[in-house]
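Results of the structural survey
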Amino acid sequence: MNGKIAFEEHWSIMETLEDAHGFVGGSSHWDTFQRQILDLGDIRLAEMDKNGIEFTIVSLNAPAVQAVLDTKKAIDLARRANDKLAELVAKRPDRFAGFAALPMQDPEAAAAELGRCIKDFGFKGALVNGFSQKDKPDPSIYYDIPAYRGFWGEVSKLDVPFYLHPRGNREASYEGHPWLTSSPWGFGADTALHALRLCGSGLFDDYPNLKIIIGHMGEGIPYSLWRIDARMRFSPRGYTGKRYLGEYFLENFYITTSGNFSTPTFQCALSVVGIDRILFSVDYPFEDTNDAASWFDSLQMAESDKLKIARTNAIKLFDLKLK
Ligand code: GRE
Ligand code: ZN
């Protein structure tokens, strides 16, 4: 299918490149990977063209800004990365747009940076790599806490989507099994936890128009949603949302197919969130664009539904002006 839109697609500056190294196996693969992730031109466009992807919203790699302990440095890094991304996407506005990287260590600075990127660069929203570290590696800062309500107020005012993207975490219970901390498990587990914390904090009662995107077919939440609400009747301790958690998930979240090209998983996610809230993405260059696109293209479903997932849902969500 042509005309697809993808938006969990990563790019890196030299300064954040090393953050990806540990996740990319083998030195020959690393050579190719570096070329792919640093490029915002011919290499990426050729992959998009081969796989029917018309438009990509590009974001900085993970964890990048979220792992910079010095807040001033985090603010500066986000600003420089966003400036550079703006310059590059402006060369091909017909094919690329940007998501803002945000210095979440300082909620006010993060809100200001988002506003700048939307107003000055026409970025389509933000992509943030999970919790932030500030001053010292511990504790992890999640954005449901009261210090972030003002930030969310600004996101709500700007009315742009916020992509909650994974990063590695450091659960004590993962000790001795470092593979558990990253993309096979920990990325998704921590992102799901973060999403549930947002739902349970009353955030969406305060700002009902917030639009949060999570990747990897919903990071496991669609599969668990029924049980979460079912068990919450008996264990609601500390839950401050006014409504059932599932209602927030179904009204305030969108999910993408990034990095999870499994048909049974897709069927589950689709039947839980519905055709308007599931959208195509790849997770380039951590994933192979052809794996994502050929899997998606081969799905047996009505073409009109496929077009929503591949394209029209994204046009609506990001208010894209594609011809
Ligand atoms: C990602 O950014 O999506 C990612 C990483 C590292 C490994 C896998 C992955 O940053 O999907
Ligand atoms: Zn990703």
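Before reading on, note that the structure itself is shown above.
Computed from a predicted structure; not experimentally measured.

Scoring rules and cut-offs
Residues numbered from 1 in each chain as written. Chains lettered and ligands numbered in written order. Predicted model: local features only at pLDDT ≥ 70, side-chain atom pairs only at ≥ 80, totals over all residues. Heavy atoms only, no water. Helix = DSSP H or I, 4+ residues; strand = E, 2+ residues; numbered from the N terminus. Rg over C-alpha atoms; globule rule 2.2 N^0.38 Å. Buried < 20%, exposed > 50% of the residue type's maximum accessible area, 1.4 Å probe, protein only. Contact = heavy atoms within 4.5 Å. Areas by Shrake-Rupley, 256 points an atom, 1.4 Å probe, with all protein chains shown as cover. Donors = N, O, S within 2.8 Å, 3.2 Å for Na, K, Ca; no water. Salt bridge = Lys/Arg side-chain N within 4 Å of Asp/Glu carboxyl O. Pairing = 2+ DSSP bridges. Axes fitted to C-alpha atoms, helices over the stretch in contact; angles between N-to-C directions. Parallel < 35°, antiparallel > 145°, perpendicular 65-115°, else oblique. Nonpolar A, V, L, I, M, F, W, Y, C, P; charged D, E, K, R; others polar.

**Things to note about the overall build of the protein chain**
A tally of helices and strands in the protein chain yields 13 helices and 10 strands. Its C-alpha radius of gyration of 19 Å places the protein chain within 12% of the 20 Å reference for a compact globule of 323 residues. Structurally, the protein chain occupies a C-alpha span of about 55 × 50 × 45 Å along its principal axes. In the protein chain, which comprises 323 residues, the share counted as buried stands at 55%. For the protein chain, the proportion of contacts with a sequence separation of at least 24, taken over those separated by at least 6, is 78%. Summing over all exposed atoms, the protein chain offers an accessible surface of approximately 14300 Å²; the carbon and sulfur share of this is 54%.

**Side note on the coordination of the zinc ion (ligand 2)**
Around the zinc ion (ligand 2), the protein contributes the donor atoms E8 (OE), H10 (NE2), H165 (NE2) and D283 (OD), at 1.9 to 2.2 Å from the metal centre. Read from N- to C-terminus, the donor residues coordinating the zinc ion (ligand 2) fall into the pattern E-x1-H-x154-H-x117-D. Linking H10 in strand β1 (residues 4–11) with D283 in the loop between β10 (278–279) and α12 (289–297), this pair joins segments that are 273 residues apart in sequence. On the basis of relative accessibility, which here comes to 7%, the residue D283 falls in the buried class.

**Section: the pattern of salt bridges**
Taken as a whole, this structure holds 20 salt bridges when the rule is applied. Linking E54 and R311 is a salt bridge whose minimum nitrogen-to-oxygen distance equals 2.8 Å. Taken together, the residues E54 in strand β2 (residues 53–60) and R311 in helix α13 (residues 303–318) connect sequence positions 257 residues apart. Among the residues examined, E54 registers a relative accessible area of 24% and is labelled partly exposed. Across the pair D206 and R149 runs a salt bridge whose closest N-O atoms are separated by 2.8 Å. Pair noted here: D206 is in helix α8 (residues 203–206) and R149 is in helix α6 (residues 149–158), with a separation of 57 residues, a long-range link. Accessibility expressed as a relative area gives 17% for R149, which makes it buried.

**A few points about the sheet that holds β2**
Pairing in this open sheet of three strands is parallel, and the strands run β1-β2-β3 from one edge to the other. Each edge of the open sheet is held by one strand with a lone partner, namely β1 and β3 (96–98). Across the sheet, the mean angle from the axis of one strand to that of its neighbour is 25°, orientation sign disregarded. Sheet topology places β1 next to β2; six bridges connect them, and they run parallel. Residue A6 lies in a different strand from β2, and its bridge partner there is T56.

**A look at the packing of helix α9 (residues 221–232) against helix α10 (residues 245–252)**
Closest axis-to-axis distance for the α9/α10 pair is 8 Å, and the angle between their directions is 150°. One way to sum up the angle between α9 and α10 is to call them roughly antiparallel. Of α10, the residues touching α9 (which contributes I221, P222, L225, I228, D229 and M232) are L245, G246, F249 and L250. In the contact of α9 with α10, the residues fall into eight nonpolar, one polar and one charged.

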